[in-house]
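# Residue-level structure breakdown
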Amino acid sequence: SILAVAAAIVLAAPVAHAAGPQEGAFSMSFFGGIDQPLSGDVHDGATAAVPDLGPLNPDLAGVSAELRIRSRSHDDIYGSAASYGLEFSYGLSANAEVFGQLRYTDADEGTVQVGGAFVPALSTTLPVNGTFSDYKALTVEGGYRYFFSDLGPTRPFVAGRLGATRTDDIRATFEIPDADILIADVSFTGKKWSASAGIDVGLLFPLGEKANIIAQTGVRYVADLEGDDSAIGGLGLGSINDTGKRVSYPISVGFRYDF
């Protein structure tokens, strides 16, 4: 795991000084890792009647259906995301610092069955699949970090953060393969800045007089996205994208340099 790699690096390195911030001194960190969703939906569920499937497939003119869409989470669609970024911090004392962080989160597109289309004429429910474009988010946050006393060769800490996250627009493709219906590459959520926050716990491992390895985990929160109903509103599904919040836990390892 990422944390195991960090521990191996630290055990092989000599400890040259007490780790942690220095009053009035700056530090810079580069970090990378994963961001695993804990909760939050990409879309909600809904049931909508479609009186005529003809506009979606002329061969089905006059055939009605009922779309039964179920909610799907960030974990269902995207799973773990890659996360990496840059941070600057300023020491308030030997135990505390404030920091500003720029972070980028990215997950590849995902395809899931989002529900079914019940067709009374056939007395059957046909699967409805959805493919959602990449999840890409840029986060700008500031925070406060407190370091405890040395624990062996390491220094544990806790931190809190607050800021905003700009999530890129998400496009979606919906398909009912058994009915030869395809709604391809349509707008689903628009680009939006949302409030974000988090709590961290971690360890600082000194490598030398200026260099450190920092490993941490915690909880991240990003508020709801903004739905775009231009393509799905006419199907009675305009409410399913009025969500998008994401709660996740990150695991990251970084290199920190104290000036």
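Parameters at a glance
- Numbering of residues starts from 1 in each chain and follows the order in which that chain's sequence is written.
- Local features in this predicted model are restricted to residues whose pLDDT is 70 or higher, and side-chain atom pairs enter the listing and the counts only when it is 80 or higher, whereas totals over whole chains, interfaces and linings include all residues.
- The side-chain figures draw on all heavy atoms in the structure; neither hydrogens nor water molecules are used.
- Each helix is a run of DSSP H or I of at least 4 residues and each strand a run of E of at least 2, with the numbering of both proceeding from the N terminus.
- For the exposure calls, accessible area comes from a 1.4 Å probe over protein chains only, and a residue counts as buried if that area is under 20% of its type's maximum, exposed if over 50%, partly exposed in between.
- Pairs of residues are marked as contacts when any of their non-hydrogen atoms sit within 4.5 Å.
- Residue burial considers only the protein chains on display, and all accessible areas are found by Shrake-Rupley using a 1.4 Å probe.
- Note that His is not counted, nor are the chain ends; the positive residues are Lys and Arg, and the negative ones are Asp and Glu.
- For the purpose of locating charges, the reference atoms are NZ of Lys, CZ of Arg, CG of Asp and CD of Glu.
- Criterion for a salt bridge: a side-chain nitrogen of Lys or Arg within 4 Å of a carboxyl oxygen of Asp or Glu.
- Lining residues are defined by having an atom within 4 Å of a point belonging to a cavity or pocket. Those points lie on a 1 Å grid over the protein atoms alone, cavities being sets where a 1.4 Å probe fits but cannot get out and pockets being open sets with protein on both sides within 12 Å along at least five of seven lines.
- Grid points are joined across faces, edges and corners, and a volume is the space filled by probe spheres set on the points.
- Three classes are used, and their members are as follows: Ala, Val, Leu, Ile, Met, Phe, Trp, Tyr, Cys and Pro are nonpolar, Asp, Glu, Lys and Arg are charged, and the others, Gly among them, are polar.
- Within this scheme, the nonpolar core is defined by two criteria: the residues are buried Ala, Val, Leu, Ile, Met, Phe, Trp, Tyr or Cys, and they are joined through side-chain atoms within 4.5 Å.
- Polar contact criterion, stated in full: a pair of N or O atoms within 3.5 Å, where within protein one must be able to donate a hydrogen and the other to accept it, and residues adjacent in sequence count only if both atoms are side-chain atoms.
- Two strands make a pair as long as DSSP finds a minimum of two bridges between them.
- Each axis is a line fitted through C-alpha atoms, taken for helices only over the stretch in contact, and angles between the N-to-C directions span 0 to 180 degrees.

A word on the overall build of the protein chain. When its secondary structure is counted, the protein chain shows two helices and 17 strands. In terms of overall dimensions, the protein chain has a C-alpha envelope of 80 × 30 × 20 Å along the principal axes. When burial is assessed residue by residue, the protein chain has 46% of its 259 residues classed as buried. Considering only intrachain contacts with a sequence separation of at least 6, the fraction spanning at least 24 residues in the protein chain is 72%. Split by element, the accessible area of the protein chain, about 11700 Å² in all, is 59% carbon and sulfur. Taken as two groups, the 17 positive and 31 negative side-chain charges of the protein chain have centres that lie 7 Å from each other.

Before going further, it helps to examine the pattern of salt bridges. Considering all chains together, one arrives at 12 salt bridges under this definition. Between Glu66 and Arg68 there is a salt bridge, and its shortest N-O distance comes to 2.7 Å. A relative accessible area of 27% means that Glu66 is categorised as partly exposed. What makes Arg68 partly exposed here is its relative accessible area of 35%. Among the salt bridges present, the one from Asp200 reaches Arg220, with a minimum N-O distance of 2.5 Å.

We now examine unusual backbone geometry. The backbone of Asp180 sits at a positive phi, close to 55°, despite the residue not being glycine. Relative to the assigned elements, Asp180 resides in the loop between strand E12 (170-176) and strand E13 (181-190). The backbone of Asp185 sits at a positive phi, close to 50°, despite the residue not being glycine. You can see Asp185 is positioned in strand E13. Judged by relative accessible area, which is 46%, Asp185 ranks as partly exposed.

Scanning the model with the defined rule gives four cavities of 30 Å³ or more in all. Put simply, the largest cavity is a space of about 150 Å³. Elements with a contribution of two residues or more to the lining of the largest cavity: strand E4 (65-69), E12 and E13. Element by element, the count of residues in the lining of the largest cavity is highest for E12, at three residues. Among the residues forming the lining of the largest cavity, the class breakdown is 12 nonpolar, no polar and one charged. Taken as a whole, the second largest cavity spans an internal volume of roughly 90 Å³. Residue lining of the second largest cavity: Asp35, Arg103, Thr105, Tyr135, Ala137, Thr139, Thr165, Arg220, Val222, Arg246 and Ser248, and that is the complete set. For the lining of the second largest cavity, the secondary structure elements donating two or more residues are strand E7 (96-107), strand E10 (135-147), strand E15 (211-222) and strand E17 (246-258). Among the elements that line the lining of the second largest cavity, the one with the most residues is E10, at three residues. For the lining of the second largest cavity, the residue count by class is three nonpolar, four polar and four charged.

All right, on to the nonpolar core then. Judged by nonpolar contacts, the single largest core of 36 residues is most densely connected at Tyr78, Phe132, Phe174, Ile176, Phe188 and Leu237. Residue assignment for this core shows that the elements contributing at least two residues are strand E3 (46-50), E4, strand E8 (110-119), strand E9 (124-132), E10, E12 and E13. In this structure, Ile176 is in contact with Leu67, Ala117, Leu126, Pro127, Val128 and Ile181, ignoring residues within four places of it in sequence. Core analysis: the second largest hydrophobic core is formed by five residues, Ala19, Phe147, Phe157 and Ile214 among them.

Let us now look at the side chain of Ser133. Residue position: Ser133 is located in the loop between E9 and E10. A polar atom in the side chain of Ser133 sits 2.8 Å from the backbone nitrogen of Arg171. The contact partners of Ser133, leaving out residues within four places of it in the chain, are Tyr78, Glu109, Asp169, Ile170 and Arg171.

A barrel is described by the order of its strands in space; here eight strands give the closed sequence E1-E6-E7-E10-E11-E14-E15-E17, paired in antiparallel fashion. Between one strand and the next, the sheet's axes are offset by a mean angle of 25°, whatever the strand orientation.

Turning to the side chain of Arg155, a few remarks are in order. With respect to the element layout, Arg155 can be found in strand E11 (residues 155-167). The class of Arg155 is buried, set by a relative accessible area of 8%. There is a polar contact of 2.4 Å between the side chain of Arg155 and the backbone oxygen of Phe148. For Arg155, the residues in contact, after removing those within four places along its chain, are Ala19, Gly20, Pro21, Ala94, Asn95, Phe147, Phe148, Ser149, Asp150, Gly202, Leu203 and Leu204.

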